[in-house]
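If you want the building blocks of each chain, they are given just below.
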Amino acid sequence: MEKRHNLILLNVFIILSIGLLTIFSISKNKSFLFEKHLTNIIFSIFFYFFFLKLKIPRKFFLLYYFITILLLLLPLFISPFPKRWIKFGIISFQPSEIAKVPFFISLSIFLENKLKINFKESFFLLILCLFPFLLVLLEPDLGSSLFYLFSFYVLILFKKTKLDIKFFYTLPSIFLISSFNPIAFSLLLIIFLILLTFLEIKIFNKIIILSISIIISLLAPFLWNKILKDYQRERIKIFLNLLKDPKGSGWQLNQGLIAIGSGGIKGKGFLKGSQKGLAFLPAAYSDFIFASFAEEFGFLGSIFLLFLYFLFFNNLLFIIREKEPFLESFSLLTFFAFFYPFVLNIGGEIGILPLTGIPLPFLSYGGTSMLTNFLLLSLLRNFQRSIFYKW
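A few points on the structure. Being a predicted model, the structure only gives us computed values, none of them experimental.

Let us now look at a positive patch on the surface. Judged by side-chain charge, Lys116, Lys160, Lys162, Lys202 and Lys323 come together as a positively charged surface patch. Within the fold, Lys323 resides in the loop between helix H15 (289–320) and helix H16 (325–349). On the accessibility criterion, Lys323 (63% relative accessible area) is exposed.

The following block contains the structure:
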């Protein structure tokens with residue numbers, strides 16, 4: 001298993017090198033960006049090896065959860081709007097990122113002695129995930145807040161849970177999302193009604209699940225008009241119609257697609273990207289770093305980068321096979337912590353998902369996300385080494 005962790009580190013360091021080259025190219029007129037990014041990497045690597053040697057107690061579930069909630073409450077009281085960052089002099093960090101670490105540990109401890117999640121435990125688990133979701137949503141940060149809510153679904157779907165419990169929680173959410181499109185909603189309803197005849201679920205439970213799903217789907221107008229912010233609705237509209245307002249709200253996405261497409265097969269070459277060089281590409285070092293890289297290194301370079309991520313996720317999946325309850329939960333959540341931003345960032349940049357502003361792991365500029373990513377990898381290795389160690 002140590003070999004897998006070494007392969008993960010090798011993947012990470014190659015991706016880091018690509019990120020450094022890309023940010024160096026982006027920041028040739030702003031050298032402080034490259035220098036700060038390099039400092040963030042060195043700082044994060046130091047903490048990786050520091051936490052690798054620590055004996056982390058696998059008890060005190062409430063303590064870890066309290067730390068999570070405290071971190072997420074801080075920006076709501078001491079940060080200006082939008083309340084996403086906390087600044088102390090020249091140092092700033094994003095609590096919603098670093099809070100993932102104690103959050104994962106707390107959930108893993110909670111599920112440690114539960115071989116199969118029953119309904120009572122699943123409901124309590126949902127409550128544990130709802131509080132962080134709501135606190136981050138208040139910042140407001142929809143993309144990061146959904147991560148905490150989706151963590152619940154990851155555990156429910158991939159841990160041992162009864163089929164009716166899985167459907168009870170997942171189907172209403174799917175119905176809610178599909179309700180924005182009448183055709184998709186109708187197709188989903190037909191598919192589920194067909195599945196009802198084959199699923200080994202009690203008739204009463206089937207009726208309850210279907211009824212709740214339909215009722216939840218009726219909340220779509222309220223969610224759209226009252227919960228989502230104006231800029232969030234605009235991003236979804238742009239996602240559904242890329243040609244809408246190409247010089248206004250659709251500017252970011254269209255410039256990103258132009259950068260990716262202009263790279264061609266081999267790319268324009270290192271330091272020769274025109275989109276980010278002429279400042280057409282917004283947030284080229286963070287939200288649109290993949291587009292920046294694709295412009296200079298082309299289709300072949302993009303395929304190589306995606307292959308590196310494939311190897312990274314493949315090695316993480318190998319570790320998830322571990323059946324020790326605590327490690328299984330923590331490794332599942334850690335995998336999701338990397339896969340979620342990867343899908344949202346790449347999907348947003350190529351136009352198959354709405355833009356969220358979430359950084360690409362190990363490639364994008366961002367000190368808090370870099371530190372969090374290295375801490376999760378360090379703790380995953382630490383917990384695996386001390387699998388039978390408990391305080």
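Right, let's talk about the nonpolar core for a bit. Among the nonpolar cores identified, the biggest contains 86 residues, and Ile105, Phe312, Leu316, Phe330, Phe362 and Leu377 are the most heavily contacted of them. When residues of this core are assigned to their parent elements, the largest contribution, 13 residues, is made by H16. Ignoring anything within four residues of it in the chain, the contact list for Leu377 reads Ile8, Val12, Tyr48, Phe312, Leu316, Phe338 and Phe362. Grouped together as the second largest cluster of nonpolar side chains are eleven residues, Phe192, Leu196, Leu199 and Ile209 included.

Next up on the list: the packing of aromatic side chains. Overall, the coordinates contain 45 aromatic pairs when judged by the stated rule. On the basis of an interplanar angle of 35° and a centroid distance of 6.2 Å, the ring pair of Phe47 and Phe51 is categorised as tilted. With Phe47 and Phe51 both in helix H2 (residues 31–52) and four residues apart, this pair spans about one turn of that helix. Residue classification places Phe51 among the partly exposed positions, given a relative accessible area of 21%. Above the plane of the ring of Phe318 lies Arg4, whose end atom (NZ or CZ) is 3.9 Å from the centre. Sitting over the ring of Phe110, Lys114 keeps its end group 4.5 Å from the ring centre.

With that settled, the discussion passes to a nonpolar patch on the surface. Taken together, the side chains of Phe60, Leu63, Phe66, Ile67, Leu70, Leu74, Phe77, Ile78, Phe88, Ile90 and Ile91 make up a nonpolar region of the molecular surface, amounting to roughly 1,200 Å² of accessible area. The element best represented in the nonpolar patch is helix H3 (residues 61–78), accounting for seven residues. By relative accessible area, Phe66 is classed as exposed at 52%.

Procedures and definitions
Residues numbered from 1 in each chain as written. Predicted model: local features only at pLDDT ≥ 70, side-chain atom pairs only at ≥ 80, totals over all residues. Heavy atoms only, no water. Patch = residues over 30% accessible without salt bridge, like charges linked within 9 Å, V, L, I, M, F, W, Y side chains within 5 Å. Areas by Shrake-Rupley, 256 points an atom, 1.4 Å probe, with all protein chains shown as cover. Salt bridge = Lys/Arg side-chain N within 4 Å of Asp/Glu carboxyl O. Lys, Arg positive; Asp, Glu negative; His and termini not counted. Charge placed at Lys NZ, Arg CZ, Asp CG, Glu CD. Helix = DSSP H or I, 4+ residues; strand = E, 2+ residues; numbered from the N terminus. Buried < 20%, exposed > 50% of the residue type's maximum accessible area, 1.4 Å probe, protein only. Core = buried A, V, L, I, M, F, W, Y, C linked by side-chain atoms within 4.5 Å. Contact = heavy atoms within 4.5 Å. Phe/Tyr/Trp six-rings, centres within 6.5 Å; stacked < 30°, edge-to-face > 60°. Lys NZ or Arg CZ within 6 Å of the ring centre and 35° of its normal.

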